[in-house]
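Inside the fold
Below are the chains, spelled out letter by letter.
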Amino acid sequence: MRNPFQGDNWVSWKIWLRRFLLDLDARIDFGMYQAKTWGRELYERFTVFMDRFHVAGWRRWCFVEPMSEGLTLGSGGLLVLLALAIPAFRETSDDDWLKKSELAVTFLDRYGNEVGSRGIRHNDAIPLDQFPDHLIKATLATEDRRFYEHFGIDFPGLFRAMLTNARAGGVVQGGSSISQQLAKNLFLTNERTIERKVKEAFLALWLEVRLPKNEILKLYLDRAYLGGGTFGVDAAAQYYFNKSARDVNLAEAAMLAGLFKAPSRFAPHINLPAARARANVVLDNLVEAGFMTEGQVFGARRNPAMAVDRRDERSPNYYLDWAFDEMKKLADTLPKSVHERVFVVRLALDVDLQKRSEQAIENSLRQYGREYKAKQGAAVLMDIDGAVRAMVGGRDYSESQFNRATDAMRQPGSSFKPYVYATALMNGFKPTSIVVDSPVCIGNWCPKNYGGGHAGSMTLTQAITRSINVIPVKLSIALGKGNPKIGRAMIRETARKAGIRTPLPDTPSMPIGADEVTVLDHTGGYSMFPNLGKAMAPHAVLEVRSGAGELIWRWDRDGKKPVQVITPQVAMDMNMMMSKVVEEGTARRAILDGIRSAGKTGTTNAYRDAWFVGFTGNMICGVWFGNDDYTVMHQMTGGSLPAMTWHEIMAYAHQGIELKPIPGLGPQAPSARPVVAEGKKDNEAPPSRPASLLTKRGADALVRVERLMDDATRALVTRGEPTKSSDNATPRPQGTVASASDRQPGQTGGD
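In this report, the structure presented in the accompanying data block is examined. (Residues numbered from 1 in each chain as written. Predicted model: local features only at pLDDT ≥ 70, side-chain atom pairs only at ≥ 80, totals over all residues. Heavy atoms only, no water.)

**Topic: the overall build of the protein chain**
Along the backbone of the protein chain there are 25 helices and 14 strands. Considering only residue pairs separated by 6 or more positions, the protein chain has 71% of its internal contacts joining residues 24 or more positions apart. Total accessible area on the protein chain stands at roughly 37500 Å², and carbon and sulfur atoms take up 56% of it. (Helix = DSSP H or I, 4+ residues; strand = E, 2+ residues; numbered from the N terminus. Contact = heavy atoms within 4.5 Å. Areas by Shrake-Rupley, 256 points an atom, 1.4 Å probe, with all protein chains shown as cover.)

Right, here's the structure in full:
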């Protein structure tokens, strides 16, 4: 068969292709020539047309050039504003943003007594037209006089505030409008950064577009924090004056309006003279703004408001803030059939233990804070099943709402070592395994022991008892079979499973506690030791009911299940090893008379943090001391003030209860007197818990009755029969019976 690309055929194809390409080239050249001609012609026509508008001389430089530059800069500015606005508008991505802010929760302690509330019940709030006129005027005169005139950002007011602050040499007047402050309350945090202020401005404009002015003002009055754990003017009026916001007089309204700026500084139950001085400034603002005359405010000046004395009514606000955050997350997981936003929540909170824990932290800092140069402390006390009975987030909630138990990330020091030793025991080591305390380096980093020097050969039990720093580092190398990075990954995995949620960067010093944790996570992480290797999630909520009393959620049924982190044998070995820390090692000040306990002290570089986390067969407690600004303390170790404070809390908590043994240890410790804290009398008896109120048998019986009633109610609803709660609105329960694992303060029979 003849090839078509050979001979005459190939020549014909070649000639045809050449002619085709020449034709195509000619057409392209002609098209480009025509386009050039037409373009030149169009440009000439455009030039002739624009010449009609040509301006020369002073008109050009006074009008045309500035307008041209303004358009150029304006276009660039719009692009910059768009780039800045996108992060702000992301905060509003949730279509349900307003409804989510309306979550209202009434909190009960573990025994059913009401202890506080959080959130806003917006549907039941006071309408704006029912607020006293003088309260609204006082708020506007102090916070935003031009509220009904600006569009979200008050530029004249901002300039006036800047000028006033410049003259005063400090911040004496704020420039944020009510819309900006509401945007911060709804979407942002209180951090003082330029990024937050930019977001606040854009969100204020967004709110002005979405909501009418009166609704913005109403939301601001309902949702602003006004001290004492209260949100909104009505809650504040109830707290400070025992009356509704509808009934406050001018003097009281001025005091409430003065709280918007700095509630912790001007709260009347904290500093009444400062609150009255601030109220007087509000009265001045009313006159200056033209809302009232001097004669109208004269009576309020002569008769200032008198707040209710609540110095002895300390609400567990740190605990309630954390519980409310937990409840907000829980509300998002409830079945779609639950449409309510009003709940009654029973907490694991033990008010008696909460007060004692707060007193223990405050007494320790008041007595020894100056000596140790320590200003802050935190503590978490929980049952071994993770139910948090008490939480201390700082010395004074009115001065600082920052919760150091849940939000402060601090280095745990040697109190992190139990995770290292537990990992080692899971991988072939024994409490009696011999290790050598000798110099070791990873790269350029060489760990040193607290007292300097090295002690030579010892068992793992002796190493943790004496809190040797070199041994955990050597264990990380041995776990990785010579590769410390692999060993540290194994240790991190153990800590993660135990409940440490904070980032744990891979650094050579991680095994000796150089990474950061929170007091809550760290205390919860120790729950795997008394629970035979199962980690229990720390939790505040025991059960959730609707406003009508219907049971919606219960921890023992719907909560997070335990996670097996280490084997039961390893847990018992660790319990034995950590009991030596208390009885023979660095935590001897934590010894409880007649009660076996175990734990680990922790001290960081330069004495910035001091810890003791320990447990008995009944409870776990973690105590931290330090300074918010990370300044060094004066030689405070975990075995000093933290161990002493832990002893004070736990000795009180274990009064009148049935003592449970720590797995792997005997039921009771040898009868040994605890190490007496400095300044305490040797024969001083610890305070006693209140008398017994409910026995274990009684609590069990009442819980069974409660659950039978819940089952019966559900059965009636399933069969379509009317229940009492459907026929008549059931009033909000004043509490529910304590679960079988609960106890009343000081009851006999115990847990």
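**Observations regarding the pattern of salt bridges**
Scanning the entire structure with this criterion turns up 30 salt bridges. Glutamate 149 is the partner of arginine 146 in a salt bridge, and the nearest nitrogen-oxygen pair spans 3.3 Å. Note that aspartate 383 is salt-bridged to arginine 389, the shortest N-O span being 2.6 Å. Judged by its relative accessible area of 5%, aspartate 383 is buried. A single network of salt bridges, built from pairs that share partners, joins Arg110, Asp350, Asp383 and Arg389. (Salt bridge = Lys/Arg side-chain N within 4 Å of Asp/Glu carboxyl O. Buried < 20%, exposed > 50% of the residue type's maximum accessible area, 1.4 Å probe, protein only.)

**Let's talk about the nonpolar core**
Ranked by internal contacts, the top residues of the largest apolar core, which has 119 residues, are Tyr319, Leu347 and Met574. Not counting residues within four places of it along the chain, the set of residues in contact with methionine 574 comprises Pro418, Tyr421, Ala422, Leu425, Ile464 and Phe529. Judged by nonpolar contacts, the second largest core, of 57 residues, contains Phe147, Leu182, Leu256 and Val297. (Core = buried A, V, L, I, M, F, W, Y, C linked by side-chain atoms within 4.5 Å.)

**Some details on the packing of helix H10 (residues 250–257) against helix H12 (residues 272–288)**
Viewed as axis vectors pointing N to C, H10 and H12 meet at an angle of 100°, and their least axial separation amounts to 8 Å. One way to sum up the angle between H10 and H12 is to call them roughly perpendicular. Between H10 and H12, the contacting residues are Leu250, Ala254, Met255 and Ala257 on the first element and Leu272, Ala275, Arg276, Ala279, Val282, Leu283 and Leu286 on the second. In the contact of H10 with H12, the residues fall into 10 nonpolar, no polar and 1 charged. (Axes fitted to C-alpha atoms, helices over the stretch in contact; angles between N-to-C directions. Parallel < 35°, antiparallel > 145°, perpendicular 65-115°, else oblique. Nonpolar A, V, L, I, M, F, W, Y, C, P; charged D, E, K, R; others polar.)

**Digging into unusual backbone geometry**
The phi torsion of most residues other than glycine is negative, and most of the peptide bonds are trans. One non-glycine residue, serine 467, lies in positive phi territory at about 55°. By the element assignment, serine 467 lies in the loop between helix H17 (460–465) and helix H18 (470–479). For tyrosine 630, which is not glycine, the phi dihedral falls at a positive 65°. The residue tyrosine 630 is located in the loop between strand E14 (619–626) and helix H23 (641–653) in this model. Take tyrosine 630: its relative accessible area is 39%, and that puts it in the partly exposed class.

Functional significance is not addressed by these values, which are geometric in nature.
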